[in-house]
Amino acid sequence: MDTEKVAEMYRKMLEIRLFEEKVFELYGQNLVPGTIHLYAGEEAVAVGVCSNLRKDDYIVSTHRGHGHCIAKGANLDKTMAEILGRRTGYCGGKGGSMHIADFSIGVLGATAVVGAGIPIATGAGLSIKLRGTDQVAVCFFGDGASNQGTFHEGINLAAIWKLPVIFVCENNLYAMGTRQTQVMLTKNVAERACAYGIPGVTIDGNDVLAVFQATKEAVLRARRGEGPTLVECKTYRHKGHSRFDPATYRPKEEVEEWLSKDPITRLKRQLLQEGTISNAVLAEMEKEVTESVEAAAQFAKKSSFPLPGTALEGVYV
Ligand SMILES: Cc1ncc(C[n+]2csc(CCOP(=O)(O)OP(=O)(O)O)c2C)c(N)n1
Ligand SMILES: [Mg+2]
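Residues numbered from 1 in each chain as written. Chains lettered and ligands numbered in written order. Predicted model: local features only at pLDDT ≥ 70, side-chain atom pairs only at ≥ 80, totals over all residues. Heavy atoms only, no water.

## Things to note about the pairing of strand S8 (residues 229–234)
Thinking step 1. Most of S8 sits inside the fold, with six of its six residues counted as buried.
Thinking step 2. Of the two faces of S8, the one holding Thr-229, Val-231 and Cys-233 and the one holding Leu-230, Glu-232 and Lys-234 are both buried throughout.
Thinking step 3. Taken together, the six bridges between strand S4 (residues 165–171) and S8 define a ladder with parallel strand orientation. Each bridged residue has a counterpart across the sheet, and for Val-168 the counterpart in S8 is Val-231.
Thinking step 4. In this structure, strand S7 (residues 200–204) lies alongside S8, joined through five bridges in parallel fashion. Across the sheet, residue Gly-200 finds its bridge partner in S8, namely Leu-230.
Thinking step 5. Note that the unit made of S7, helix H8 (residues 208–223) and S8 has a crossover that is right-handed. (Buried < 20%, exposed > 50% of the residue type's maximum accessible area, 1.4 Å probe, protein only. Helix = DSSP H or I, 4+ residues; strand = E, 2+ residues; numbered from the N terminus. Pairing = 2+ DSSP bridges. Right-handed = clockwise from strand over helix to strand, strands pointing away.)

Here it is, written out as structure tokens:
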């Protein structure tokens with residue numbers, strides 16, 4: 001893989017991490033209405049997947065969606081402004097953290113209803129097939145979502161119709177405080193792919209290059225019209241489920257083990273060891289990303305709130 005592409009992946013993962021750290025900080029200052037579900041720790045999934053996508057490909061995101069949108073090319077200023085509920089945000093400040101959408105870059109939106117994005121991605125896949133383009137649709141969802149009926153219905157339909165969809169399960173081992181092992185007897189979510197007659201793979205979701213490679217094959221298969229793939233990425237969220245969750249249900253050793261597998265430090269170590277990118281280049285990149293995230297926070301903070309008179313705009317029913 002060429003160095004430039006890997007460097008770009010590193011930059012994107014860092015952008016997501018620093019963005020999430022900033023959101024956490026702003027939340028502490030009471031600037032974020034509602035709650036937040038941070039993506040920190042899972043960056044390799046969104047970045048590895050989206051590095052295979054074109055601007056006109058689609059993604060469907062979740063409640064833990066800031067990282068998906070940024071990886072697909074969302075504007076940091078508008079994302080931050082939306083999270084802070086400001087007029088300059090993606091949805092005019094009316095959607096907030098869990099509802100960022102940008103059709104111009106294929107971000108079809110996020111849904112806070114667990115598993116609800118799966119049939120939406122199948123629908124996007126059907127639209128692609130009917131229009132006869134070679135776009136693909138990617139659906140991000142969690143291990144918890146894989147136990148919803150929408151998972152079965154959405155994937156089965158995509159399978160029988162050979163739709164160009166890549167179902168990406170972000171298995172972070174927990175659905176809120178519920179461990180995967182408490183609610184599933186299979187070890188891997190991807191084992192379920194055989195029930196739909198499609199390929200299913202389980203990969204190290206903290207290895208951005210492994211995610212890139214596995215989804216590359218799935219994307220090519222989808223573009224060739226051969227149908228969907230279920231890609232399960234094993235990963236871990238650094239923080240609790242949402243802002244108020246101290247995550248005391250997770251054993252300390254488990255947290256430490258996963259922190260030592262941090263996808264960003266891991267790639268950085270690899271790049272430095274191989275001598276592919278110098279420390280100086282990485283430091284410059286880190287400086288630029290820090291500045292752009294800070295600029296997004298300033299932009300959001302300076303923006304005004306939606307006007308009360310616009311409350312009914314965008315309401316369809
Ligand atoms: C249909 C539905 N049931 C329950 C909830 C409450 N809820 C919000 S997030 C969540 C856990 C989701 O777990 P998972 O799919 O593994 O995603 P993760 O949060 O781990 O990224 C639950 C149960 C919801 N939003 N929607
Ligand atoms: Mg989960």
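## Looking at unusual backbone geometry
Thinking step 1. The phi dihedral of Asn-30 falls on the positive side, at around 65°, and the residue is not glycine.
Thinking step 2. Tracing the backbone shows Asn-30 in the loop between helix H1 (3–28) and helix H2 (43–50).
Thinking step 3. At Met-176, a position not held by glycine, the phi torsion is positive, near 50°.
Thinking step 4. Mapping Met-176 onto the fold places it in the loop between strand S5 (174–175) and strand S6 (178–179).

## A closer look at the side chain of Ser-97
Thinking step 1. Its place among the elements puts Ser-97 in the loop between helix H4 (76–83) and strand S2 (107–110).
Thinking step 2. A polar side-chain atom of Ser-97 sits 2.8 Å from a polar atom in the side chain of His-66.
Thinking step 3. Once you skip the residues sitting within four places of it in the chain, Ser-97 turns out to touch Thr-35, Ile-36, His-66, Glu-82 and Ile-83. (Polar contact = N/O pair within 3.5 Å; in protein donor to acceptor, adjacent residues only side chain to side chain. Contact = heavy atoms within 4.5 Å.)

## Quick look at H4
Thinking step 1. Taking burial as the measure, the eight residues of H4 include six buried ones, the bulk of the element.
Thinking step 2. The elements touched by buried residues of H4 are H1, helix H3 (66–71) and helix H11 (279–302).
Thinking step 3. Immediately beyond the C-terminal end of H4, within one or two residues, lies Gly-85, with a positive phi of roughly 70°.

## Some details on the packing of aromatic side chains
Any two aromatic rings considered together are summarised by their centre-to-centre distance and by the angle between their planes.
Thinking step 1. All told, the structure shown has six aromatic pairs when counted by the stated rule.
Thinking step 2. Where Tyr-27 meets Phe-244, the ring centres are 6.0 Å apart and the plane angle is 75°; that geometry is what we call edge-to-face. A residue pair is termed long-range when its members are at least 10 positions apart, and Tyr-27 in helix H1 and Phe-244 in the loop between S8 and helix H9 (252–259) qualify at 217 residues.
Thinking step 3. Ring centres 5.4 Å apart and planes at 50° place the aromatic pair Tyr-174 and Tyr-249 in the tilted group. Pair noted here: Tyr-174 is in strand S5 and Tyr-249 is in the loop between S8 and H9, with a separation of 75 residues, a long-range link.
Thinking step 4. Residue class for Tyr-249 comes out partly exposed when judged on its relative accessible area of 28%. (Phe/Tyr/Trp six-rings, centres within 6.5 Å; stacked < 30°, edge-to-face > 60°.)

## Examining the site of ligand 1
Thinking step 1. By nearness alone, 15 residues border ligand 1, and His-63, Arg-64, Ala-112, Gly-144 and Asn-172 come closest of all.
Thinking step 2. A distance of 2.7 Å separates an oxygen atom of ligand 1 from a polar atom in the side chain of His-63.
Thinking step 3. Ala-112 is positioned with one of its backbone polar atoms (N or O) 2.8 Å from a nitrogen atom of ligand 1.
Thinking step 4. Considered on its own, ligand 1 offers 580 Å² of accessible surface; in the complex 73% of this is hidden by protein.
Thinking step 5. For the shell around ligand 1, a count of residues per class yields seven nonpolar, six polar and two charged. (Near = heavy atom within 4 Å. Areas by Shrake-Rupley, 256 points an atom, 1.4 Å probe, with all protein chains shown as cover. Nonpolar A, V, L, I, M, F, W, Y, C, P; charged D, E, K, R; others polar.)

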